[in-house]
Amino acid sequence: MYRKRLAGAAVLVVLLAGCGGEPAAAPAPKASPEASAEPSASVSADPQAAEERAVLAAYRGMWREQAVAYRRASPEGTRLETYVSGEALAMLRLDLRQMKEAGRRANGRVGHEPEVGRVDLEVSPPTAQLKDCIDLSDWQETRDGEPLPMPSEQPLRYRASAMAEQWEDGRWRIITYTPHGEQTC
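Presented here is a report on the structure given in the accompanying data block. Owing to the predicted nature of the structure, the values given are computational and were not obtained by experimental measurement. (Residues numbered from 1 in each chain as written. Predicted model: local features only at pLDDT ≥ 70, side-chain atom pairs only at ≥ 80, totals over all residues. Heavy atoms only, no water.)

### Re the pattern of salt bridges
The following threshold applies: Whenever Lys or Arg places a side-chain nitrogen within 4 Å of a carboxyl oxygen from Asp or Glu, that contact is recorded as a salt bridge. The buried label applies to any residue whose accessible area, calculated with a 1.4 Å probe on protein chains only, is under 20% of its type's maximum; exposed applies above 50%, and partly exposed to all values in between. Runs of E in the DSSP output that reach at least two residues are strands. Runs of H or I that reach at least four are helices, and both are numbered from the N terminus.
If you walk through the whole model with that rule in mind, you get nine salt bridges. A salt bridge links arginine 64 to glutamate 65, with the nearest nitrogen and oxygen atoms 3.9 Å apart. For the pair arginine 64 and glutamate 65, one class covers both residues: buried. Between arginine 157 and aspartate 135 there is a salt bridge, with its nearest N and O atoms 3.3 Å apart. Taken together, the residues arginine 157 in strand E6 (residues 157-166) and aspartate 135 in strand E3 (residues 127-135) connect sequence positions 22 residues apart. Look at arginine 157 and you get partly exposed, because its relative accessible area is 28%.

### A word on the pairing of strand E4 (residues 139-143)
Applied cut-off: For two strands to be treated as a pair, DSSP must find no fewer than two bridges joining them.
One ladder, built from five bridges, connects strand E1 (residues 104-108) with E4; its direction is antiparallel. The residue bridging glycine 108 from the neighbouring strand is tryptophan 139, located in E4. A loop of two residues connects E4 with strand E5 (residues 146-148), the two strands running antiparallel in sequence, and aspartate 144 in this loop sits at a positive phi of about 50°.

### A closer look at the sheet that holds E5
Quick reminder of the rule: Each axis is a line fitted through C-alpha atoms, and for a helix only the stretch in contact is used; angles between axes span 0 to 180 degrees, taken between their N-to-C directions. We call two residues in contact whenever any of their non-hydrogen atoms come within 4.5 Å of each other.
Across the sheet, which stays open at both edges, the three strands sit in the order E1-E4-E5 with antiparallel pairing between neighbours. Because the sheet does not close on itself, it has two edges, and the strands there are E1 and E5. Direction aside, neighbouring strands of the sheet carry axes that sit 45° apart on average. Direction of pairing for E4 relative to E5: antiparallel, over a ladder of three bridges. Looking across to E5, one finds that glutamate 141 is bridged to leucine 148. Contacts from helix H4 (residues 86-102) reach E1 and E4 within the one sheet, and its direction differs from that of E1 by about 105°.

Listed below in structure tokens is the structure:
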């Protein structure tokens, strides 16, 4: 149970937009709007590809806002609800509450390699599946400013999956997120 929770917390901690994250010494950025998460105003030759880009923008927006939240152990001042809802948001709030109660904060960065699997625009609401490879090589958690060791059984790279929905406002939101700490990548 601890390993699964750690894998979930680690993955929900500091993933940032893009593949690399940001340096541990960088100050916590102020949460900001993500224009690419807005419904696309331009017409694409391939609507499926445009939706895949929008799904990835929402996923990366979720990680960017989570990075801010986990550095503070608080969702205050973030736009998490712009990018995440449902079960994924409930899990994130629980992790933040537990971190705050334990005096823990996120430092470092978590790498990721998100890919959109399947987009189904024919269902209501439209859905998309994502997969990711989480990399904890540069991630560190602290308690009261002191580094916490990573459990020896925790793989540094493992798989994760997510499900997104497109809401009536045209934006995609991540509704489920599942770390698969036992599946290395």
